[in-house]
Amino acid sequence: MSTIKYEPSNMKHIDEALLNEYLDGLLEPDACRSVEAHLDTCQECCSRLDELRVVFYSLSLLEEKSLAHDLTPGFLDRLPGPALSMGRKLALAIQAGVAMGLLGVIGQVMLNVVRSKVDIRPLARAWIDLAGKVSFSIPDVDIRLPDLPDYSLPFSAPVTIILLMVVLVLWGLGNARLLHNGHEVQR
Amino acid sequence: MINADERTAFVELIQQSQMAVYNVAYRLLGNLQDAEDAAQETFLRAYQFRHTYRPDQPPGPWLKRIAVNVCLQRLRRNVAQAQSLDEDVIQPLDPHPGPQAQVEQHDLQDRIRAELLCLPPRYRAVIELRHFQELSYEEIANALGRPLSDIKSDLFRARRLLAEKLRDLKLEPIP
């Protein structure tokens, strides 16, 4: 705490910090007595002290405002989502793996179908010819799909079906786990 | 992850302390809607940093300190907002108040609030922490993360400024 930096007899005024600490009740008894001795003889310091007391009093007059409504629902709405548990992370990983597997299988099947069954060259040629007749002519170019690498599955059809069944079972288990975790969070 | 017990405990905490937190924000921001938003933000911040709460201490002061910092950040983000007064609640200070208004307690409170809101935000914060939350100078310095000397300087200047502003109210000091 501050120490007295004046003697009452020499009429130096109390500095602002000391006056504040006096009002806050932070001065040691000796310092307190010295301040009070000065205040007894100094009208100016008394006035300054009174002004500060008015501040203390004014602030004490402020009443609490009542809340118009409960803040809890708003807080709960803005509460961030729950962190993922290990189980939930595992379920999501399974889901992602299943999705990737399905995409791979479906993509492979589609690729094979496109490669073997569908020849889009005549259709593309017809559209280009039509466009050339309507607006501009284009040179006769050879339209063909790029040669695709061979991604044929190294499995026979029954094995592929079994793999698909395994994938579906895992997908179902993953969903069940997610639903279970979801109920836990809601509870 | 929030579990049911944690959620229930936090909801109870909000219900117990929401009015106090709201009033801290209202004194610092001077606007009912802003105060409500700041109170919400305070609870979210408290939830985010719940690991900093010491269970051996009452949660009220912890929440109010967070509220002060939330309000200071809001005031810094929008300086113009710092000067805004809620016209429905606080009227700008009338330079020539009538005698009737002076004696009415409600008007008097509004005038004091208005003068408080005219102070710079950092002065308001130290007034709030000292006079309404009754923290020591050291605790205020810790709460605001500022040197003790700055806190004292701000507090004493804030009081002196308020004293000058409130002079015309001609209030009698408490002996």
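Rules of the game
Residues numbered from 1 in each chain as written. Chains lettered and ligands numbered in written order. Predicted model: local features only at pLDDT ≥ 70, side-chain atom pairs only at ≥ 80, totals over all residues. Helix = DSSP H or I, 4+ residues; strand = E, 2+ residues; numbered from the N terminus. Expected span 1.5 Å × (residues − 1). Buried ≥ 20, exposed ≤ 12 C-beta atoms within 10 Å, placed from the backbone. Arc of directions from axis to C-beta. Contact = placed C-beta atoms within 7 Å. Axes fitted to C-alpha atoms, helices over the stretch in contact; angles between N-to-C directions. Parallel < 35°, antiparallel > 145°, perpendicular 65-115°, else oblique. Nonpolar A, V, L, I, M, F, W, Y, C, P; charged D, E, K, R; others polar. pLDDT = per-residue confidence, 0-100. Core = buried A, V, L, I, M, F, W, Y, C linked by C-beta atoms within 7 Å.

## Observations regarding helix 2 (residues 29-41) of chain A
Residue and element names in this part refer to chain A. With 13 residues, helix 2 extends 19 Å between its outermost C-alpha atoms, agreeing within 8% with the 18 Å of an ideal straight helix rising 1.5 Å per residue. Residues Ser34, Val35 and His38 constitute the buried set of helix 2. Buried residues in helix 2, looked at end-on, bunch into an arc of 100°, giving them a common side. Set apart from the buried face of helix 2 by more than 90 degrees, the exposed residues are Pro29, Glu36 and Asp40. Lining the buried residues of helix 2 we find helix 1 (16-23) and helix 3 (43-61).

## Some words on the interface of chain B and chain A
Often the size quoted for an interface is simply the accessible area lost on bringing the parts together. The interface is formed by 33 residues belonging to chain B together with 30 residues belonging to chain A. In terms of residues, the side of chain B that touches chain A owes the most to one element, helix 1 (residues 4-29) of chain B, which gives 9 residues.

## A look at the packing of helix 7 (residues 121-132) of chain B against helix 9 (residues 148-166) of chain B
Residues and elements named next belong to chain B. Their axes nearest at 9 Å, the elements helix 7 and helix 9 cross at an angle of 95°. Considering the angle they form, helix 7 stands roughly perpendicular to helix 9. Contact residues: Arg122, Tyr123, Val126, Ile127 and Arg130 in helix 7; Ile151, Asp154, Leu155, Arg157, Ala158 and Leu161 in helix 9. A breakdown of the residues in the contact of helix 7 with helix 9 according to their chemical character gives 7 nonpolar, no polar and 4 charged.

## Some points on the confidence of the model for chain A
Note: predicted coordinates in regions of low pLDDT should not be interpreted at a detailed level. For chain A, mean pLDDT is 76; residues scoring 70 or higher make up 68% of the total. For the stretch residues 1-10 of chain A, pLDDT sits under 50, and the model shows 17 contacts to residues farther than four places along the chain or on other chains.

## A short note on the packing of helix 1 of chain A against helix 9 of chain B
Relative to each other, helix 1 of chain A and helix 9 of chain B sit at 85°, their axes nearing to 10 Å. Judged by the angle between their axes, helix 1 of chain A and helix 9 of chain B are roughly perpendicular. Residues Glu16, Ala17 and Asn20 of chain A of helix 1 of chain A form the contact with helix 9 of chain B, whose own contacting residues are Lys152, Leu155, Phe156, Arg159 and Arg160 of chain B.

## Thoughts on unusual backbone geometry
In this structure, Glu134 of chain B is a non-glycine residue whose phi angle is positive, near 55°. In this fold, Glu134 of chain B is placed in the loop between helix 7 and helix 8 (137-144).

## Focus on the nonpolar core
Ala25, Ala39, Ala67 and Cys71 of chain B are the most contacted members of the largest nonpolar core, which has 53 residues in total. The dominant element in this core, judged by the number of residues it contributes, is helix 1 of chain B, at 10 residues.

## What about helix 9 of chain B?
Over its 19 residues, helix 9 of chain B extends 27 Å from the first C-alpha to the last, a length consistent with the 27 Å expected when each residue adds 1.5 Å. Within helix 9 of chain B, burial applies to Ile151, Asp154, Leu155, Ala158, Arg159, Leu162 and Leu166 of chain B. Each buried residue of helix 9 of chain B sits inside an arc of 130° when the element is viewed along its axis, so together they form one side. Turned more than 90 degrees away from the buried face of helix 9 of chain B, the exposed residues are Ser149 and Glu164 of chain B. Those residues of helix 9 of chain B hidden inside the fold are in contact with helix 1 and helix 3 of chain A together with helix 6 (105-117), helix 7 and helix 8 of chain B.

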